[in-house]
Amino acid sequence: MRFHVLGIGSIGTLVAHHLRQTSRAPVTLVVRNARRFRQNKYLVAESAPAAVELRVTRDGATAVSTGYDLEVTNPHKAESLAAARAPGAVFDSPGSPASTLNSLASADAVVATLDAADPTGPIASLIVCTKGVQTAAALTPLVPRLGPRSVITLLQNGMGVYDELCARLFPDPARRPYFVLGTTTHGATVVEHGHVRHLSRPGQGNVQLGLVPDPRGEVDFESWLWPNGDVGPLTAPTSAPSIPPSPVPGFDNLRATLLGLGGMAELSPAVIPTNALYHQLLLKLALNSVVNPLTALLGGGFLPNGMLAAGSLPGARLVRALADELSAVLTAYVHSLAAPHPAQPDVVALFAPSAIARRVTALAAATSANTSSMATDIKTGNPTEIDYVNGFVVGLGRQLGVSTPLNQMLRQMVKFRTELVIGKLPAGGAPGAPAPAPAGATLGGPDVRAAEKAAAQERKLALDERKVRLLERRLELDEGLWRERVQQRRAASRSARKEYGEAVKASGEHSARHRALYGKAGAETAAPAATTALGAPGEVGQAGATGEAGEAVGEAK
């Protein structure tokens, strides 16, 4: 079975790369313009149909995956593909197997004849990673190649895309493909087309998948995946999860899709029950409804997520006010889903105001250096997903009778900001609005982007000037500190010399006193010594007389 990946942005590149590394199935990248890949040198050769390579950088190491097929959906850009790879059929011709995917019976026959070597044949499994606002338009050219046994996996921000696709593209349940809904906590940013930086560290982030109930009611998917009633997540720590064999013929594509996505072990995938997945989707919706519009509006596209967790009291109050409103809507929605039974307390607790506020702060801190996708769209002038984030909350509130003034305000502010940036303001203005701009004046568009760019450059220059002033001030402080230290050393040196001089002087006075004192005492000591050696004058005479008398006595004898 062949995988088709639609939307080769940050998440699409990440998924396609890991799918290619872990699955033996061929992978086709579905794009609107192949020239971008060629311009960014991610076509290894200009011939060779499997010449595309994707790169993922994580923790400084870059992994490369190759062997992709490339398909262009925009017929006006078909020449881009011809310039990027060897000539070949790009679109289905009348009478191809794709044109027969209009009934369940014919689809069962086509499933057995799917040629994995043909990247432009019927689509067995399509992974959609486009923005919600672009999904229906991007999927429309592929509808003739999608049948009831095809599988569409939606891995996007926001909610409401599945309902929109069913209403616009697949209104008949008998012909509707199987849908897998997914959500991910992995962070990634595009370096250039075909190259992303994976921001989540190893062991962080996950991909959670859940199956939408069978549109034709043939199989209970949860009974198939969890036959013993143990509805724990089917995870893949080292290999693909254990997916039971297909319960009925024609489910091979669905099983192969779950095995392929579940085998991306480095992304920590898990297949979970639909209700549990829906709760995770609602939680992510709540977080995106706070982080995305605030960072997009407050920083003009340049505000990193971490500023929402910087400890600002007004910022914390703003987050808490949004958390209160989101909690009111989502709690009411959870109760409506569980009716007529009461909602489980642990599920309701997930959407308490304090729980949402804590999760927002934790997310902002964990992704402090990241810029939200909505902020990036505002900065680059691309359409945002506001209608599938805060707009979805507003729609829920309207259905449930819960007021959502803050979400409605954020939605309108982001939409107005987008119109300013991309230049789509109505020329005549709204009823009751001020008079339109005079002739020659512009309403948004390139001029707004140029003004914002100039303002950003001015802010950058101002910050650089401030850095220079701070550096100069630091140098002045360092110079003053150096002078102070020099003065302290000089003062210490003078003090030391003074103390030394005083010590020398004191030592000289001591020596003089010593000579004066001990010199006199020495003379007095020397005189008695001489007297002892020579004897006193009287003693000498006496000794002499005694000696002479002795000698005389000796002679007489």
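Residues numbered from 1 in each chain as written. Predicted model: local features only at pLDDT ≥ 70, side-chain atom pairs only at ≥ 80, totals over all residues. Heavy atoms only, no water.

Caption draft 1: Focus on the packing of helix α10 (residues 313-338) against helix α15 (residues 405-422). One way to put it is that α10 packs onto α15 with a least axis distance of 8 Å and a crossing angle of 115°. It follows from the interaxial angle that α10 and α15 lie roughly perpendicular. Contacts from Ala321, Leu322, Glu325 and Leu326 of α10 reach α15 at Pro405, Leu406, Asn407 and Leu410. (Axes fitted to C-alpha atoms, helices over the stretch in contact; angles between N-to-C directions. Helix = DSSP H or I, 4+ residues; strand = E, 2+ residues; numbered from the N terminus. Parallel < 35°, antiparallel > 145°, perpendicular 65-115°, else oblique. Contact = heavy atoms within 4.5 Å.)

Caption draft 2: Representation of the confidence of the model for the protein in the model. Mean pLDDT over the protein works out to 79, with 73% of the residues at or above the 70 mark. In this model, residues 41-50 is a region of pLDDT below 50 whose contacts with residues beyond four sequence positions or in other chains number 35 contacts. Taken together, the stretch residues 78-117 has pLDDT below 50 and engages in 72 contacts with residues farther than four places along the chain or on a different chain. (pLDDT = per-residue confidence, 0-100.)

Caption draft 3: Region of the structure containing the nonpolar core. In terms of nonpolar packing, the biggest core is built from 63 residues, with Leu139 and Leu154 touching the most fellow members. Looking at this core element by element, the count peaks at eleven residues for helix α9 (residues 274-298). In this structure, Leu139 is in contact with Leu6, Leu126, Val128, Leu146, Ile152, Leu165, Leu169 and Phe170, ignoring residues within four places of it in sequence. Tyr178, Val180, Leu225 and Met264 belong to the second-largest nonpolar core, a separate cluster that totals 41 residues. (Core = buried A, V, L, I, M, F, W, Y, C linked by side-chain atoms within 4.5 Å. Buried < 20%, exposed > 50% of the residue type's maximum accessible area, 1.4 Å probe, protein only.)

Caption draft 4: Structural detail: the packing of aromatic side chains. Following the criterion strictly, the structure yields eight aromatic pairs and no others. Aromatic side chains Phe170 and Phe179 sit 6.1 Å apart centroid to centroid with 70° between the ring planes, which places their arrangement in the edge-to-face category. Taken as a pair, Phe170 and Phe179 share a single burial class, namely buried. Arranged with centres 6.1 Å apart and planes meeting at 75°, the rings of Tyr178 and Phe221 form a pair that is edge-to-face. (Phe/Tyr/Trp six-rings, centres within 6.5 Å; stacked < 30°, edge-to-face > 60°.)

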